[in-house]
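# Structural overview for review
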Amino acid sequence: QVQLVESGGGLVQAGGSLRLSCVASGSGFSRSAMGWYRQAPGKQRELVAVITSGGTPSYAAPVKGRFTVSRDNAMKMVYLQMNSLKPEDTGVYYCTLSLGGYGYWGQGTQVTVSS
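Predicted, not measured: the structure shown is a model, and the values here were computed from it. (Residues numbered from 1 in each chain as written. Predicted model: local features only at pLDDT ≥ 70, side-chain atom pairs only at ≥ 80, totals over all residues. Heavy atoms only, no water.)

Here we take up the overall build of the protein. Scanning the protein from N- to C-terminus turns up zero helices and 11 strands. In terms of overall dimensions, the protein is globule-like: its C-alpha atoms have a radius of gyration of 13 Å, near the 13 Å expected for 115 residues. Taken over the C-alpha atoms alone, the protein extends approximately 40 × 25 × 20 Å along its principal axes. Within the protein, contacts between residues at least 6 apart in sequence are counted, and of these 54% link residues at least 24 apart. Taken as a whole, the protein presents about 6000 Å² of accessible surface, with 50% of it coming from carbon and sulfur. Between the mean site of the 10 positive side-chain charges and the mean site of the 5 negative ones, the protein shows a separation of 5 Å. (Helix = DSSP H or I, 4+ residues; strand = E, 2+ residues; numbered from the N terminus. Rg over C-alpha atoms; globule rule 2.2 N^0.38 Å. Contact = heavy atoms within 4.5 Å. Areas by Shrake-Rupley, 256 points an atom, 1.4 Å probe, with all protein chains shown as cover. Lys, Arg positive; Asp, Glu negative; His and termini not counted. Charge placed at Lys NZ, Arg CZ, Asp CG, Glu CD.)

Below is the structure:
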């Protein structure tokens, strides 16, 4: 059974940086696409970044050039480096794993960017 646990969230001033981490348990990590989503208060959950099993990243327009997604298959980890943070980046960030038509979600980690 796959479980995902995020960490690294917190409170940061605008312009600052945070690095989110997500560790996966279970098998199949190296064959999985991994993603980061976020949900701001009162808004729908939105995709932030994805990285394929082969390591190819892609980003949502609002974060392109500021965020970097990476993975370590040996450690079953995926990371989201967030630079030049803005107040509109505030929200709960979720790690996701997609494998064999199934999707798995972590419990989320709160990111708050103050102006």
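Text resumes after the structure shown.
Opposite charge on two side chains lets them pair, provided their charged atoms get close. The tally for this structure, following the rule as stated, stands at three salt bridges. The closest approach of N and O atoms between Glu46 and Arg38, which form a salt bridge, is 2.6 Å. Owing to a relative accessible area of 34%, Glu46 belongs among the partly exposed residues under this scheme. Classification of Arg38 by relative accessible area gives buried; the value is 6%. The residue Asp89 makes a salt bridge to Arg66 at a minimum N-O spacing of 2.8 Å. On the criterion of sequence distance, the pair formed by Asp89 in the loop between strand 8 (77-82) and strand 9 (91-99) and Arg66 in the loop between strand 6 (57-59) and strand 7 (67-72) is long-range, its members being 23 residues apart. The same class applies to Asp89 as to Arg66, namely buried. (Salt bridge = Lys/Arg side-chain N within 4 Å of Asp/Glu carboxyl O. Buried < 20%, exposed > 50% of the residue type's maximum accessible area, 1.4 Å probe, protein only.)

Moving on to unusual backbone geometry. We note that Lys76 has phi near 55°; this positive angle belongs to a residue other than glycine. One can find Lys76 in the loop between strand 7 and strand 8. Owing to a relative accessible area of 30%, Lys76 belongs among the partly exposed residues under this scheme. Here the phi dihedral of Ser84 falls at roughly 50°; this positive angle occurs in a residue that is not glycine. By the secondary structure assignment, Ser84 is in the loop between strand 8 and strand 9.

Scanning the entire structure with this criterion turns up two aromatic pairs. Measuring from centroid to centroid gives 4.9 Å for Tyr37 and Trp105, while their planes differ by 55°, and the two rings are tilted. Here Tyr37, found in strand 4 (residues 33-39), pairs with Trp105, found in strand 10 (residues 102-105); they are 68 residues apart in sequence, far enough to count as distant. Accessibility expressed as a relative area gives 25% for Tyr37, which makes it partly exposed. Across from the ring centre of Tyr79, 4.0 Å away, lies the NZ or CZ of Arg19, which sits over that ring. (Phe/Tyr/Trp six-rings, centres within 6.5 Å; stacked < 30°, edge-to-face > 60°. Lys NZ or Arg CZ within 6 Å of the ring centre and 35° of its normal.)

When you line up the elements, Met77 lands in strand 8. For Met77, a relative accessible area of 15% gives the class buried. A C-alpha to C-alpha distance of 14 Å links Met77 and Tyr94, two positions 17 residues apart in sequence. Setting aside its immediate chain neighbours within four residues, Met77 contacts Ser21, Cys22, Val23, Phe29, Ser70, Arg71 and Asp72.

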